[in-house]
Amino acid sequence: QIQALKDQKIDVAFTRQYINDDCIVSIELFLEPLVLLVPSQSVYAHYESISKEIFIKQKFILSEEIASPTLFKKTQQLFTELGAQMQVAQYSSNILMNVNLVGMQIGWTIVPAYVESFLGPNVVIKPTQFNLPHIGLYLNYRKQDQTKKLDLVKNILSQHFHLNIF
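Residues numbered from 1 in each chain as written. Predicted model: local features only at pLDDT ≥ 70, side-chain atom pairs only at ≥ 80, totals over all residues. Heavy atoms only, no water.

(A) Looking closely at the pairing of strand β2 (residues 24-39). One ladder, built from 9 bridges, connects β2 with strand β7 (residues 134-142); its direction is antiparallel. Paired with P33 across the two strands is H134, which belongs to β7. Direction of pairing for β2 relative to strand β5 (residues 109-112): antiparallel, over a ladder of 4 bridges. When the sheet's bridge partners are listed, V35 is paired in β5 with V111. As defined by bridge partners, β2 adjoins strand β6 (residues 123-126) across 4 bridges and the pair is classed as antiparallel. The residue bridging L37 from the neighbouring strand is I125, located in β6. (Pairing = 2+ DSSP bridges. Helix = DSSP H or I, 4+ residues; strand = E, 2+ residues; numbered from the N terminus.)

Right, dumping it as structure tokens:
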């Protein structure tokens, strides 16, 4: 996306990481919590919350680093902080695949909270007895861009996210 933005093939790019580039403006729109997805048929789906001990013993669907570098790093870092080695059941190339694989009982996964709006009956979000990280959403655009299209996007985002940064 960033190369397409630099090449003027797109006007804006939404990313999960800050883009440190002299030609690009990168603005954090919000921080979103990450959530734990568990198959609804799992014995743990009925637990009030998931302990560290239960969590680290599970197999996980992990977003591929190339597809979701920030989510990949935050998930790896979480296991490091918990003093555990993640057991990867399968790698995934997109968030919907993570959700579907959990629903098929392949493993558990950690994803941004927005997925709650499209979860089916085979997947539940479980609170944990430890903190899960957050992940940012960034708006990126060319510093020299003064188009009406960009102004429209910035105005909509300013109103929706109540931002006064434009």
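On we go.
(B) Expanded view of helix α3 (residues 69-81). Here α3 contains 13 residues, and its C-alpha end-to-end distance of 18 Å stays within 8% of the 18 Å for a straight helix at 1.5 Å per residue. Buried within α3 we find T70, L71, F72, T75, L78 and F79. Immediately beyond the C-terminal end of α3, within one or two residues, lies G83, with a positive phi of roughly 70 degrees. (Expected span 1.5 Å × (residues − 1). Buried < 20%, exposed > 50% of the residue type's maximum accessible area, 1.4 Å probe, protein only.)

(C) Geometry of the pattern of salt bridges. All told, the structure shown has 5 salt bridges when counted by the stated rule. Between D11 and K149 there is a salt bridge, with its nearest N and O atoms 3.3 Å apart. Taken together, the positions of D11 in the loop between α1 (2-6) and β1 (13-15) and K149 in helix α5 (residues 148-161) put the pair 138 residues apart, joining distant regions of the chain. Between E32 and R16 there is a salt bridge, with the nearest N and O atoms lying 2.8 Å from each other. Here the residue E32 occupies a position in strand β2, and R16 occupies one in the loop between β1 and β2, the gap between them amounting to 16 residues. On the accessibility criterion, R16 (21% relative accessible area) is partly exposed. (Salt bridge = Lys/Arg side-chain N within 4 Å of Asp/Glu carboxyl O.)

(D) Geometry of unusual backbone geometry. Despite not being glycine, Q8 shows a phi value in the positive range, around 60 degrees. Residue position: Q8 is located in the loop between α1 and β1. The phi dihedral of Q105 falls on the positive side, at around 65 degrees, and the residue is not glycine. Within the secondary structure layout, Q105 lies in the loop between α4 (95-103) and β5.

In short, geometric facts, not functional conclusions.
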